[in-house]
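# Working through the structure, step by step
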Amino acid sequence: MCTTGVVRFAGDSYALFKNKDFGRTHLDDRLWLDARLFGVLGMTTWAGDDPSKDEYSGFSVGANAAGLLVCDSNVVTLDGLVNYDVMTEVALREGSDVGSAAEAVRRACAEHETSWGNLVMIDGRSAASVEIRGRETCIVPLDGPSARSNHHVVLGHHELQADTATTEKRLASAQRQISAARSIDDLFRLLESHDDGATGVCNHTDLNTVYSYVLHRTAGRTVLHVLQGRPCSGAARVSLEIPFGAEFSPAAAEAFLRDYPTAFTANQAIPA
């Protein structure tokens, strides 16, 4: 379960946020980083409690050098189907903007039945959500600050929906706060909030918020603000500029991964 959203600030500045909720209280991210693509690896086993059985697939949140930011949240995980995290990776690898990314996801889902999820994406001019239900996709233009959680807003409720206890409350809380956000600090406060007690955006229920992300794009540069653990815990948030394009080098990648918050740096991965 996750809470996500996008917002546009004054000028050319825009951002995407995500709280990653997980089946245990600790996770160490694995990463993809190259000159044009950054992604936090997704997992098909997000509800599992045994790290030895973790299975990675696609990206759960990421950005590309063109300025596209994308992340996802679970609605229904179904055995034997493509993981919706794969579609976040498809969006970032094949999309140069929101339009081309959403269309790439639509084509991929039409070919490969996919577990149900919500994607949100934003670039310098537009934003959208993409609701995925098997081979069906619903691309929804977003004209203002928008949040998503773990149910389909446009496709509607389905009896297979995984989260029926907290998703609507978290969406309402996140949407109320993102609509009033004027700065990155407002997003940090949103991600650590508990408007509904343990069922707030920062989750302390059967699932726990284990990472908090804000991707911020301004002046042609993308900065990742990332915190490991519960955002309300007072843990340190790390701000890292993603070394895209001419800024990328083995040394820059090594520095990025060194400073990324994980307990075990061996869990991080740079492509060959």
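If you're wondering where the values come from, they're calculated on a predicted model, not measured in any experiment.

## Some thoughts on the nonpolar core
Grouped together as the largest cluster of nonpolar side chains are 31 residues, with contacts concentrated most on Leu 16, Phe 38, Leu 224, Ile 242, Phe 256 and Tyr 260. For this core, the leading source of residues is strand E11 (residues 208-218), giving four residues. Core analysis: the next-biggest nonpolar cluster, separate from the first, contains 20 residues, Phe 59, Leu 68, Ala 102 and Ala 108 among them.

## Examining the pairing of strand E7 (residues 114-122)
Judged by how many residues are buried, E7 sits mostly within the fold: nine of nine residues are covered. Here strand E6 (residues 69-76) pairs with E7 via seven bridges, running antiparallel. By the bridge assignment, Asp 72 is partnered in E7 with Leu 119. Hairpin connection between E7 and strand E8 (residues 127-134): a loop of four residues separates the two successive antiparallel strands.

## Quick notes on the sheet that holds strand E10 (residues 146-148)
The antiparallel open sheet is built from six strands, whose spatial order is E10-E1-E2-E11-E12-E13. Since the sheet does not close on itself, it has two edges, and those belong to E10 and strand E13 (237-241), each with one partner. Strand-to-strand, the axes of this sheet are offset by a mean angle of 15 degrees, without reference to chain direction.

## Thoughts on the packing of helix H1 (residues 84-94) against helix H2 (residues 98-111)
The interhelical angle for the contact between H1 and H2, taken along N-to-C directions, is 135 degrees, at an axis separation of 8 Å. Between H1 and H2, the angle is such that the two are oblique. In this structure, H1 meets H2 at a crossing whose hand is right-handed. Taken together, the residues of H2 that come into contact with H1 (itself represented by Met 87, Val 90, Ala 91 and Glu 94) are Ala 101, Ala 104, Val 105, Arg 107, Ala 108 and Cys 109. A breakdown of the residues in the contact of H1 with H2 according to their chemical character gives eight nonpolar, no polar and two charged.

## Some points on the pattern of salt bridges
Under the definition given, this model contains 11 salt bridges. Of the charged contacts, one joins Asp 29 and Lys 20 as a salt bridge, the two residues approaching to 3.1 Å between their closest N and O atoms. Like Lys 20, Asp 29 is buried. Overlapping salt bridges bring together Glu 94, Glu 103, Arg 106 and Arg 107 as one network.

## Looking at the packing of helix H3 (residues 167-180) against helix H4 (residues 184-191)
Helix-helix packing is described using two parameters, namely the angle between the two axes and the distance between the axes. The interhelical angle for the contact between H3 and H4, taken along N-to-C directions, is 165 degrees, at an axis separation of 9 Å. By the criterion of interaxial angle, the relationship of H3 to H4 is roughly antiparallel. Regarding H3 and H4, the two cross each other, and that crossing is right-handed. Here Ala 174, Gln 177, Ile 178 and Ala 180 of H3 lie close against H4, whose contacting residues are Asp 186, Leu 187, Arg 189 and Leu 190.

## Considering the side chain of Asp 21
Locating Asp 21 in the fold gives a position in strand E2 (residues 14-22). Buried and unpaired, Asp 21 has no salt bridge, with Arg 170 as the nearest side chain of opposite charge at 4.4 Å. Reaching out from Asp 21, the side chain makes a polar contact with the side chain of Thr 209 at a distance of 2.6 Å. Those residues in contact with Asp 21 that lie beyond four places of it in its chain are Met 1, Cys 2, Arg 170, Asn 203, Leu 207, Asn 208 and Thr 209.

Rules of the game
Residues numbered from 1 in each chain as written. Predicted model: local features only at pLDDT ≥ 70, side-chain atom pairs only at ≥ 80, totals over all residues. Heavy atoms only, no water. Core = buried A, V, L, I, M, F, W, Y, C linked by side-chain atoms within 4.5 Å. Buried < 20%, exposed > 50% of the residue type's maximum accessible area, 1.4 Å probe, protein only. Helix = DSSP H or I, 4+ residues; strand = E, 2+ residues; numbered from the N terminus. Pairing = 2+ DSSP bridges. Axes fitted to C-alpha atoms, helices over the stretch in contact; angles between N-to-C directions. Parallel < 35°, antiparallel > 145°, perpendicular 65-115°, else oblique. Left-handed = near helix turned anticlockwise from the far one by under 90°. Contact = heavy atoms within 4.5 Å. Nonpolar A, V, L, I, M, F, W, Y, C, P; charged D, E, K, R; others polar. Salt bridge = Lys/Arg side-chain N within 4 Å of Asp/Glu carboxyl O. Lys, Arg positive; Asp, Glu negative; His and termini not counted. Polar contact = N/O pair within 3.5 Å; in protein donor to acceptor, adjacent residues only side chain to side chain.

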